[in-house]
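Letter by letter, the chains look like this.
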Amino acid sequence: METGHAKAVSIRSVALRVGVTPPSIYLHFADKDALLDAVCARYFERLDEEMQQVAADETSNLDRLRAQGMAYVRFALKTPELYRIAMMGEGRLGSDVDVTLNSSAFVHMCNSVESLMAEGVYPPGDSTMAALELWTVAHGVAAQLISRPYLPFGDVEAFAERVLSAVCCGQIAYGVMGPDVSPTEAVARIKGQARG
């Protein structure tokens, strides 16, 4: 976080910082990537806390789900370099970050989707897939804001809110119309209902 880039981190600099010899670090971590993965996983433990904190303030499950997505984006923007290392680099099956997310924040997002399905707000189906869709959009927003901050997003908070709200509401629309409806047909139906 101090250097602003993962390439500036070395096993030697970490060893110097914590007061051990470089070989002793290899007793705990196979390489620098494993060390960074462990650091990022500890950091991402906080994501679940933040997502649950904002969710607790919402009165509806739909607003709770959107708030969880917004907490994810805000979390990424607070420390973009850790986010970049953890989520924008080459993925490794079973990484510490993935294990942390899949056992905490993502589980809670799935629970929010399941609640919406139980209420009949979202169509019944695979809650994991629906939560993964929202997670993917939240990640995409965060990644774009971090990697391309010069794009004309305007107010980044408002931008993220619009995108995440559109995805949350899109699930509702597809629940009413069916997932196989084309975007053109969906627009025609919505316009027809508005006239009716």
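Nothing here was measured: the structure is a model prediction, and the numbers come from that model.

A. Local environment of the packing of aromatic side chains. Scanning the entire structure with this criterion turns up 4 aromatic pairs. Ring geometry for Phe 106 versus Trp 135: centroids 5.4 Å apart, planes at 80°, classification edge-to-face. Taken together, the residues Phe 106 in helix H7 (residues 105-119) and Trp 135 in helix H8 (residues 127-147) connect sequence positions 29 residues apart. On the basis of relative accessibility, which here comes to 9%, the residue Trp 135 falls in the buried class. Members of the aromatic cluster, each reached through a chain of ring pairs, are Tyr 72, Tyr 83, Phe 106 and Trp 135.

B. Up close: the environment of Leu 101. Positionally, Leu 101 belongs in helix H6 (residues 96-102). Relative accessible area serves as the criterion here: at 3%, Leu 101 is assigned to the buried category. Separated by 31 residues in sequence, Leu 101 and Leu 132 place their C-alpha atoms 12 Å apart. Non-local contacts of Leu 101, meaning those with residues more than four positions away in its chain, are made with Phe 44, Leu 47, Met 87, Phe 106, Val 107 and Trp 135.

C. Structural detail: the nonpolar core. Of all hydrophobic cores here, the largest spans 37 residues; its most connected members are Phe 44, Leu 47, Leu 65, Tyr 83 and Trp 135. If you list the elements that add at least two residues to this core, you get helix H3 (32-56), helix H4 (61-78), helix H5 (80-87), H7, H8 and helix H9 (156-177). Ranked by residues supplied to this core, first place goes to H8 with 9 residues. Not counting the four nearest positions on each side in its chain, Leu 65 is found in contact with Met 109, Ser 112, Val 113, Leu 116, Tyr 122, Leu 134 and Cys 168.

Procedures and definitions
Residues numbered from 1 in each chain as written. Predicted model: local features only at pLDDT ≥ 70, side-chain atom pairs only at ≥ 80, totals over all residues. Heavy atoms only, no water. Phe/Tyr/Trp six-rings, centres within 6.5 Å; stacked < 30°, edge-to-face > 60°. Helix = DSSP H or I, 4+ residues; strand = E, 2+ residues; numbered from the N terminus. Buried < 20%, exposed > 50% of the residue type's maximum accessible area, 1.4 Å probe, protein only. Contact = heavy atoms within 4.5 Å. Core = buried A, V, L, I, M, F, W, Y, C linked by side-chain atoms within 4.5 Å.

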